[in-house]
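Read off the chains here:
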Amino acid sequence: MTDLTANPALAQRYRVPALAVPAIVANLSTVLPSLVDTALIGQSGDAVPLGGIAIGTTLAGFVLWVFAFLRLGTAGFTAQALGAGDAGEIRATVGRALVLAWLFGFILLLIMVPLAIVTIPLFGASDIVADLAARYFHYRMFGAPFELTNYVILGWLLGLQRIGLVLALQLFLNGLNALLSYLLIYHMQLGVDGAAIGTAVAQSATALVGLYLVRLELRRFRAESGGTSLVDLDRLFELITVNFDIFLRTLCVMFVMSYFVGLGARMNDTTLAANHLLFALLATMAQILDGFAQSAETLAGHAVGARNRAALRQAVAHALIWGGGGAALLALGLLWGGTDILALFSADAAVIARAADFLPWLVFSPLVAVWCYVLDGVFIGATRSREMRNGMLVAALGAIVAQYFLIPAFGNHGLWAALMLFFVLRGATLYAWYPRIPRAMRE
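Residues numbered from 1 in each chain as written. Predicted model: local features only at pLDDT ≥ 70, side-chain atom pairs only at ≥ 80, totals over all residues. Heavy atoms only, no water.

## Brief notes about the overall build of the chain
Thinking step 1. Check the secondary structure of the chain and you find 16 helices and 0 strands.
Thinking step 2. Counting across all 443 residues of the chain, residues that qualify as buried make up 59%.
Thinking step 3. Counting only contacts in the chain whose residues sit at least 6 apart along the sequence, the fraction spanning at least 24 positions is 85%. (Helix = DSSP H or I, 4+ residues; strand = E, 2+ residues; numbered from the N terminus. Buried < 20%, exposed > 50% of the residue type's maximum accessible area, 1.4 Å probe, protein only. Contact = heavy atoms within 4.5 Å.)

Structure, rendered in structure tokens:
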């Protein structure tokens, strides 16, 4: 796999796809556990367990992904340290982030039961669906410390532009999760419980392999590692400040997505299941677009660390161009094959028919969302977390207010229209604040 740190002669215009393509393949594993669970459970032809998976994966994703700052912040700080040639800070960054991951992971183990008791009723689903969702969530949380560890490892390797290692780890996670889930669901007849157990075990095994790879990778920076302390108070304060802003930003994203799932659940179980299929594909699309965001994140962070404004401009321009092209291909693929793809995830004809009614929104979504994803990557690489936080708050507030008017008037179509507005507002705010990044590099 291409390693740009070892190939500086690679043409600049191809640096984005050289990073983005393997990152896209790797990113798919973020949603693949949920997709595998959905596909295996969905083939039962029963909307009830599919609804349980919908809420369980949504809640687990919400709780875990609010800690996405462990990946995003680690990638940004590592890329800047790489650009500045600070080997000691590269080592210290992964150490600090791992301590936070283990701390937060064990806190989640302590609070998972009351968390489920409080949150699952908010989705408004039937009792049997809520029970299945709670069981999925509890089993999944047993792997939380390891899943958060994976966030740190992946962010650190992305910041180092070690995309090949990221891809290898994610392929390992993908394959193990699919194998375990299949065995537990079909051969051991564990249903929703088996789906969650398989995902938790796969995440745990991947974290152990990832820690071994980190240990090997640290040897590259051993000779210059004495200059930065793991407990440097200034660095710790900066890490906590940036990570807290990213935490709030991610919390807004997950809240909005979970909120919209909950709105669908209040309509009926069929609409909940149909929306879950569409949201699963939307999450897959998001991971593909996030590959371009990660290339922008890595290259922008490197440019900021080197204080090279010309390199920053090139990184942003190329990421937007390649990202826009990728979004157009996604839209065409969904337009031509969307209905066939939906049929892979459920044998319930009513669910498929209901999902097909709203498929045009999914086709339209990559063209709307790509700009906010790429700009998100630029701001993460520059560790401009305050602007990301504020822009996300504006977008979340706008989408939530909009749905109060759109859903009563247009039903589930109004739900999807409000979600599109969320993407538009995210991109618009980041675009307005982007000039602050090159301006700060002059100081």
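## Description of a positive patch on the surface
Thinking step 1. Taken together, the side chains of R309, R313, R439 and R442 define a basic patch exposed on the protein surface.
Thinking step 2. Assignment of secondary structure puts R439 in helix α16 (residues 436-441). (Patch = residues over 30% accessible without salt bridge, like charges linked within 9 Å, V, L, I, M, F, W, Y side chains within 5 Å. Areas by Shrake-Rupley, 256 points an atom, 1.4 Å probe, with all protein chains shown as cover. Salt bridge = Lys/Arg side-chain N within 4 Å of Asp/Glu carboxyl O. Lys, Arg positive; Asp, Glu negative; His and termini not counted. Charge placed at Lys NZ, Arg CZ, Asp CG, Glu CD.)

## Describing unusual backbone geometry
Trans is the prevailing form of peptide bonds, just as negative phi is the prevailing case for residues other than glycine.
Thinking step 1. Its identity is not glycine, yet Q161 carries a phi of approximately 65°, on the positive side.
Thinking step 2. On the secondary structure map, Q161 appears in the loop between α6 (144-159) and α7 (163-187).
Thinking step 3. Positive phi, normally seen in glycine, also occurs at T383, with a value near 50°.
Thinking step 4. Mapped onto the elements, T383 comes out in the loop between α13 (359-381) and α14 (385-410).
Thinking step 5. You can call T383 buried: its relative accessible area is 15%.

## Thoughts on the packing of helix α4 (residues 87-119) against helix α5 (residues 127-141)
Thinking step 1. Between α4 and α5, whose axes approach to 10 Å, the crossing angle comes to 170°. Overall, the two elements α4 and α5 adopt an arrangement that is roughly antiparallel. Contacts from L109, M112, V113, L115 and A116 of α4 reach α5 at F137, H138 and M141.
Thinking step 2. Each residue belonging to the contact of α4 with α5 can be placed in one class, and the counts come to 7 nonpolar, 1 polar and no charged. (Axes fitted to C-alpha atoms, helices over the stretch in contact; angles between N-to-C directions. Parallel < 35°, antiparallel > 145°, perpendicular 65-115°, else oblique. Nonpolar A, V, L, I, M, F, W, Y, C, P; charged D, E, K, R; others polar.)

## Regarding the packing of aromatic side chains
Thinking step 1. The final tally for this structure, using the stated rule, is 11 aromatic pairs.
Thinking step 2. When the centroid spacing of 5.9 Å and the interplanar angle of 85° are considered together, the rings of Y259 and F260 count as edge-to-face.
Thinking step 3. Between F279 and W416, the ring centres sit 5.0 Å apart and the planes meet at 20°, which makes this aromatic pair stacked. Of this pair, F279 sits in helix α10 (residues 269-306) while W416 sits in helix α15 (residues 412-433), and the two are 137 residues apart along the sequence. Grouping residues by exposure puts F279 and W416 together as buried.
Thinking step 4. Sitting over the ring of Y373, R426 keeps its end group 5.4 Å from the ring centre. (Phe/Tyr/Trp six-rings, centres within 6.5 Å; stacked < 30°, edge-to-face > 60°. Lys NZ or Arg CZ within 6 Å of the ring centre and 35° of its normal.)

## A short note on the side chain of T119
Thinking step 1. Within the secondary structure layout, T119 lies in helix α4.
Thinking step 2. Among the residues examined, T119 registers a relative accessible area of 16% and is labelled buried.
Thinking step 3. From its side chain, T119 meets the backbone oxygen of L115 in a polar contact 2.6 Å long. (Polar contact = N/O pair within 3.5 Å; in protein donor to acceptor, adjacent residues only side chain to side chain.)

## Considerations on α13
Thinking step 1. Helix length check: α13, at 23 residues, gives a terminal C-alpha distance of 33 Å against a target of 33 Å (1.5 Å per residue), a fit within 8%.
Thinking step 2. Its maximal kink placed at A369, α13 deviates by approximately 40°.
Thinking step 3. Among the 23 residues that make up α13, 18 are buried, leaving the element largely enclosed by the rest of the structure.
Thinking step 4. Two residues or fewer past α13, T383 is found with a positive phi of approximately 50°. (Expected span 1.5 Å × (residues − 1). Bend = angle between axes of the 7 residues up to and from the residue.)

## Things to note about the confidence of the model for the chain
Thinking step 1. Averaged over every residue, the pLDDT of the chain is 83; residues scoring 70 or more account for 87%.
Thinking step 2. Averaged over each element, pLDDT in the chain is lowest for helix α1 (residues 15-42) (70) and highest for α15 (94).
Thinking step 3. Across residues 1-11, confidence stays below pLDDT 50; counting only partners more than four residues off in sequence or on other chains, it has 19 contacts. (pLDDT = per-residue confidence, 0-100.)

## Quick look at the nonpolar core
Thinking step 1. Counting residues in hydrophobic clusters, the biggest one holds 139 residues, and the most contacted among them are L70, F279, W416, L419, F422 and F423.
Thinking step 2. Take this core: its biggest share by element is 19 residues, from α10.
Thinking step 3. Once residues within four sequence positions are removed from consideration, F423 is found in contact with V368, A369, C372 and Y373. (Core = buried A, V, L, I, M, F, W, Y, C linked by side-chain atoms within 4.5 Å.)

## Concerning helix α11 (residues 309-343)
Thinking step 1. Between its first and last C-alpha atoms α11 spans 48 Å; for 35 residues at 1.5 Å apiece the expected length is 51 Å, and the two agree.
Thinking step 2. Along α11, the sharpest kink reaches roughly 70°, centred on G337.
Thinking step 3. Its side-chain oxygen 3.2 Å from the backbone nitrogen of A310, N308 forms the N-cap of α11.

## Looking at the environment of T298
Thinking step 1. Here T298 lies in helix α10.
Thinking step 2. Distance from T298 to L160, taken between C-alpha atoms, is 7.9 Å for residues 138 residues apart in sequence.
Thinking step 3. Filtering out sequence-adjacent residues up to four positions away, T298 remains in contact with L19, A79, L158, G159 and Q161.
Thinking step 4. Within the structure, the side chain of T298 is placed 3.3 Å from the backbone oxygen of L158, a separation counted as a polar contact.

## Brief notes about the pattern of salt bridges
Thinking step 1. As enumerated under the stated definition, the model contains 14 salt bridges in all.
Thinking step 2. Across the pair D376 and R249 runs a salt bridge, and its minimum N-O distance is 2.2 Å. Placement of D376 in helix α13 and of R249 in helix α9 (residues 233-265) is noted, with a sequence separation of 127 residues between them.
Thinking step 3. Classification of D376 by relative accessible area gives buried; the value is 4%.
Thinking step 4. Overall, the relative accessible area of 8% leaves R249 in the buried class.
Thinking step 5. Each of R71, D290 and E297 takes part in salt bridges that share partners, so that together they form one network.

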